Every structure is written in C-alpha cells, then in structure tokens.
Amino acid sequence: MARPEGQCSAKLDVDRLNSLLAGCDLAKHIIYRSDTGSTNDDAIAAAREGAPEGNLFLTDFQTGGRGTRGRSWHAPRNGALLLSSVLRPEPGIGPPALTRIAGLALCGGLRSSTDLEVKIKWPNDAVINGKKIGGVLVETIGTRPSAAIVGIGANLNFSAAEIDAGDTPVTTVLDETGRSCDREGVIAAVVIAIARHYRAIRAGDSLLSEWRELSAILGGWVTLTTDHESFRGTAVGFGTDGGLVLALEDGSRREFQSGRVIDWQAIA
Ligand code: BTN
C-alpha cells in the first residue's frame, strides 16, 4: 500500500535525540546507524566487547530484525521505533523483570506521546483494541548474566498493510490516529520511561501494580499456548515474578512463566 502523501518520515535526528535524552542514564551514548541487521545484535556484540550500561542503539531500518520465538520483525524504513538498550543489571533482575520494565515503558511512552490507549498483552506485546503495535525482546549475555539487552520495536509512521506480520493482527500509530507522530519524541519518552522503571525495580518495587493496571487481558477469558499444550481460562492475576495466573476450565489455578496468549476476550 502506498504511503499517504506527506506522511513519509525522515531519518532520525540524532542531535535532537541527544538533546531530548540529555541526562538520561540509559542514553549516555547513542549509537545510530541508518541501516543495520538488528539493533539487538549490535547491542549484544557491543556488550560482549564491554560496552557499559547506557549504550543505546537506534536505527531507521533493520534487515534482520528479530522478534520473540525466533520470529522476524519487519518495519519500513524511517517509520518505526527500533531500539536496543544495554543494561548491566545486578543479579536478581532477570528477563521477566526487564520485560515488565520494557513493556511498561513502551506502553507509557506511546500513551504519553500519542494519547492512544495502549495496553500490555502478557508478557511482551503492546496492543490497541486487540492489535499489536509493538513488542519487547529481552536477551541476556553470560550465565550470571553479565549484560541484558532490552530490544523494543513499535509501529509508528506507516500503515500495517505495509508489513508482513504473519498471523498476528497489527496496527500502527498512523493507522490509529490518521497522522504521523514525532518519532524522536516517542523514542525519548520510551527510553526515559525504561530508565525510570529500571530505577524503581532496583529500589525494590516489583512494578506489578502498574503491570496489572495496564494489562489488556486481566479478568478476560484467554487461550494460552505453550510449546506442547493449549489452555483456556480466566486471567486472574500475575505471580511475584510476573507469571500469568489462569483459573482454568477444570477449576484449577495455574501460573505460567511463559507461553503465548493467542486469543482473548478483551475487557472494557
Ligand atoms: C516481539 O516479538 O514482539 C518482540 C519484537 C522486538 C523487536 C525489536 S526491534 C529493535 C530490536 N532489534 C531486534 O532485532 N529486535 C528488537
């Protein structure tokens, strides 16, 4: 589908990003490449070479963007939020907490800069009215681990018809609002929110209440698939580490640490 007249976005303005993110602990060093394979791969390679916390990788276009479960992540040039942040978390702050931080930041950043009612579909999707607008891919390096990469992608200034999202219903800021948003402004809002939530987690806040508040599925009837099975039940809560608790059809309760919610009855 052709892009609407006048909606074509420009390359990221790195000077503006540096100024919007001045003083942000997670944007001490912005590494921008107009094209790259995957910002997560760039961040992993840099972290392996000793890149400290605060390195932030940004691009306008990925040729090998990666999503969860080995899926690929597509976005047209100059239209998306594509970022990877290098963190050096202390032991105890693992992928579930980092996914929570990133999901909250993505949701909050999109809300504050676009006014859209973005919610979180456990564990790592940002959704509007059942359609995915963004996602989070957290990867760790080493066994301790020595570093974690928080990768985030969000569909901003293009139409969902322009991308191949497989069987996932997707949407974009442009499709939802009819106009392009300020890409640097959204990126800055998301990165500043990651830094704020990361400080909160390090100070001992689980962020579970914010996570509950922004959940798209809590209280709803969901179908969840794991590698081997499928479960149906009501989403009744989250465990202390962010696992999804379902009240299953047979009356039992079960907490899932991973899985994919493939269908859910959205709640008002
Ligand atoms: C998902 O499957 O929902 C997670 C998508 C994460 C995509 C982002 S785009 C920036 C970063 N680089 C990647 O290769 N993946 C993440």
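Heads up: the structure comes first, above all this text.
None of the values given here were measured: they were computed from a predicted structure.

Cut-offs used in this document
Residues numbered from 1 in each chain as written. Predicted model: local features only at pLDDT ≥ 70, side-chain atom pairs only at ≥ 80, totals over all residues. Heavy atoms only, no water. Salt bridge = Lys/Arg side-chain N within 4 Å of Asp/Glu carboxyl O. Helix = DSSP H or I, 4+ residues; strand = E, 2+ residues; numbered from the N terminus. Buried < 20%, exposed > 50% of the residue type's maximum accessible area, 1.4 Å probe, protein only. Pairing = 2+ DSSP bridges. Axes fitted to C-alpha atoms, helices over the stretch in contact; angles between N-to-C directions. Contact = heavy atoms within 4.5 Å.

A. Structural context of the pattern of salt bridges. Scanning the entire structure with this criterion turns up 14 salt bridges. With a shortest N-O distance of 2.8 Å, Arg183 and Asp60 are connected by a salt bridge. In this pair, Arg183 sits in helix 5 (residues 183-202) while Asp60 sits in strand 2 (residues 55-62), placing the two residues 123 residues apart along the sequence. You can call Asp60 buried: its relative accessible area is 0%.

B. Structural detail: the pairing of strand 9 (residues 230-238). The pairing of strand 8 (residues 221-225) with strand 9 spans five bridges and is antiparallel. Bridged to Thr225 within strand 9 is Ser230. Connecting the antiparallel pair strand 8 and strand 9 is a turn made up of four residues. Where strand 9 and strand 10 (residues 244-248) come together, five bridges link them in antiparallel fashion. Residue pairing for strand 10: Ala235 is matched across the bridge by Leu246.

C. Spotlight on the sheet that holds strand 1 (residues 29-36). Here seven strands make up an open sheet; going across it, the order is 1-2-3-7-6-5-4 and the pairing mixed. The sheet is open, and its two edges are formed by strand 1 and strand 4 (119-121), each paired on a single side. Direction aside, neighbouring strands of the sheet carry axes that sit 20 degrees apart on average. Sitting on the sheet, helix 2 (residues 39-48) touches strand 1, strand 2, strand 3 (80-87), strand 6 (131-141) and strand 7 (147-155), and the angle it makes with strand 3 is about 20 degrees. Packing of helix 3 (residues 95-114) onto the sheet brings it into contact with strand 3, strand 4, strand 5 (125-128), strand 6 and strand 7, and relative to strand 6 it is tilted by some 145 degrees.

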